[in-house]
Amino acid sequence: LSSRASGILSALNIPTNQEISGVYDGQWKGSGEVVESVCPTTGEILARINTASPADVSGALTKSREAYLQFRDVPAPRRGEILRQIREGLAIKREELGALVTLEMGKIRTEGVGEVQEFIDICDYAVGLSRMMNGRVVASERPGHTILEVPNPLGVVAVLSAFNFPVAVYGWNLALSLAAGNATIWKPSPTTPLTSIAVTSIVAKVLEKNNLPGALAGLVTGGQPVGEVLVGSKEVDLVSFTGSERVGRIVGQAVVSRFGKSILELGGNNASIVMPDADLSLAVPGVFFGAVGTAGQRCTSTRRLFLHRDIADEFLERLQKLYGALKPGDPLETDTLLGPMHTPAAVNLYKSTIDYLRSIDADILFGGKEYDVTPYDGGNFVQPTIAVPKSVDMSDRIWSTETFAPILNVAIFDELEEAIRWNNAVPQGLSSSLWTRDLRNVGKWTGPSGSDAGIVNVNAGTSGAEIGASFGGNKSTGWGRESGGDAWKQYVRWSACTINFSNEAPLAQGVNFNV
Ligand code: NAD
């Protein structure tokens, strides 16, 4: 193992000379297929992981259920105290864990550390929440009656996550799920197993120290077959799935068919709209970060850019300058802004999309190929690309599908209404952003005839959300909400309790049923 990698792994106590257990249910194990964790920057094999066999998954689910039955009776503020300790455990290892995200996923270091910070933030949030998961007292129409709406723990929550946020998405789910009194079982992306093992180890230590079952935060690494067992299992009360629309459709249908609950966080196809009155000194770097940050591999990455005709030329000139100054680098180096794509398959997707752009005679203003010189030969580096397709028909696949790569498609508009129509004309509805200084545009954009996405920003890019508001998208992005806001309400089982304190037993709506 290179010293570049071994330092990071040993700082997190991950053994480097043996196969690593990828299942945790109170004990570390793994009797399924062996998968390799591969560094996207160098192509180096970082580790071999023993993933979950079907028997491991069903054993872990049994342990999760037992853990839930114990944990549901722990008072919520006490659960909050566990979260506070998890927060501390994460904070101590923030830099090391962030570096591991960078090593294994490929995003730049500040973003890797940012993800861990996001987990820390949501722990803080959930500590507070543990004293604020309030139900309601509802006025009854019957004398001497009270109606309560009571949140109780739900059960076992399975978290299936994508490769691009290997820490934060699990953090959002685990924090709310633990505060709510549930057991959580995590199936991470098969290409980021080390990160999930490192995170789970930190959480497990806290649980152990508090004499709580490790299966409250179980881990089953592996691919599709492991995911399928969780999704199909009646032992799982809530499936929180983050990933592509293609898989989300399968998962959503499978969960509904057994009347389970699901939260779906699927693909985005996010647009930025730049008005003629926009402050371009904010808008140009904002769009640049949205399109190029994480090498275009955020669900909220800016994929469509609608420029008002009056500023289009200037905007593109300034944007191209920023693209021109980009150099692919080792994401572990602090001055690198552009790391690799996560996998060779992602590079192929990039290439086939560029081929398609050429086949429809799009103007490729920047990029469109792999780099001639890259920091490491084995890395998955591609040039971020700006293209102007000839057609603005949003049903064409170049506009209507999410290509998970740094390709920004540009169109020119004359009226805001036209740009909003384009914004809304795709199946997905995750994030959107408008750049303007005119209050009237803001009203239109955020109102009934405005953006139909779950995230509707003004003078802020499409990506980079905070944890305070609930996060998620509409339409084919799946309608799920996670993180802040009211998202916690999905992680509990709600009961409406009518309690009669009187000596009569009247029926509601004045119904008479005298015997
Ligand atoms: P993916 O859909 O390929 O995989 C997601 C997860 O599903 C993985 O853990 C995978 O192993 C598992 N899986 C695959 N087939 C399954 C099946 N049949 N049953 C159960 N599980 C199965 O996604 P990816 O390539 O890892 O991630 C990229 C996608 O995730 C993009 O579309 C991106 O927009 C989306 N994403 C969305 C959000 C959001 O919050 N909306 C956040 C991050 C990523």
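In this text the structure is predicted, and so the values were computed from the model without any measurement.

(A) Main features of the site of the ligand. Not every one of the 28 residues close to the ligand is listed here, only the nearest: S161, K187, S244, L266 and E402. In this structure, an oxygen atom belonging to the ligand sits 2.8 Å away from a side-chain N or O atom of K187. At 2.6 Å from an oxygen atom of the ligand is found a side-chain nitrogen or oxygen belonging to E402. Protein burial of the ligand: of its 860 Å² of free accessible surface, 90% is covered by the chains. When residues of the shell around the ligand are traced back to their parent elements, those giving at least two are α8 (224-232), β11 (238-242) and α9 (245-257). If one sorts the elements of the shell around the ligand by residue count, α8 sits on top with four residues. In terms of residue class, the shell around the ligand is built from 14 nonpolar, ten polar and four charged.

(B) Just the sheet that holds strand β24 (residues 492-500), in detail. Ordered in space as β6-β7-β24, the three strands form an open sheet in which the pairing is antiparallel. Strands at the two margins of the open sheet, each flanked by one partner only, are β6 (136-138) and β24. Neighbour-to-neighbour, the strand axes of this sheet turn through a mean angle of 25°, independent of strand direction. Of the strand pairs in this sheet, strand β7 (residues 145-153) and β24 are connected by nine bridges, and their pairing is antiparallel. Across the sheet, the residue bridging to L148 is C497, located in β24.

Definitions and limits used
Every residue gets a number counted from 1 within its own chain, in the order that chain's sequence is written. For this predicted model, a pLDDT threshold of at least 70 governs which residues receive local features, and a threshold of 80 or more governs which side-chain atom pairs are given and counted, while totals over whole chains, interfaces and linings are taken from all residues. Remark: hydrogens and water are excluded; side-chain values derive from all non-hydrogen atoms of the structure. The rule for a residue being near a molecule or strand is that one of its heavy atoms must lie within 4 Å of it. Side-chain atoms alone can form a polar contact between residues adjacent in sequence; in general such a contact is a pair of N or O atoms within 3.5 Å, and within protein one must be able to donate a hydrogen while the other accepts it. Residue burial considers only the protein chains on display, and all accessible areas are found by Shrake-Rupley using a 1.4 Å probe. Secondary structure elements are taken from DSSP: a helix is a run of H or I of four residues or more, a strand is a run of E of two residues or more, and numbering for both begins at the N terminus. We call Asp, Glu, Lys and Arg charged. Ala, Val, Leu, Ile, Met, Phe, Trp, Tyr, Cys and Pro are nonpolar, and the rest, Gly among them, are polar. DSSP-based pairing: two strands are paired if at least 2 bridges between them are found. For helices, the fitted axis covers only the stretch in contact; all axes are lines through C-alpha atoms, and the angles between them, taken along N-to-C directions, range from 0 to 180 degrees.

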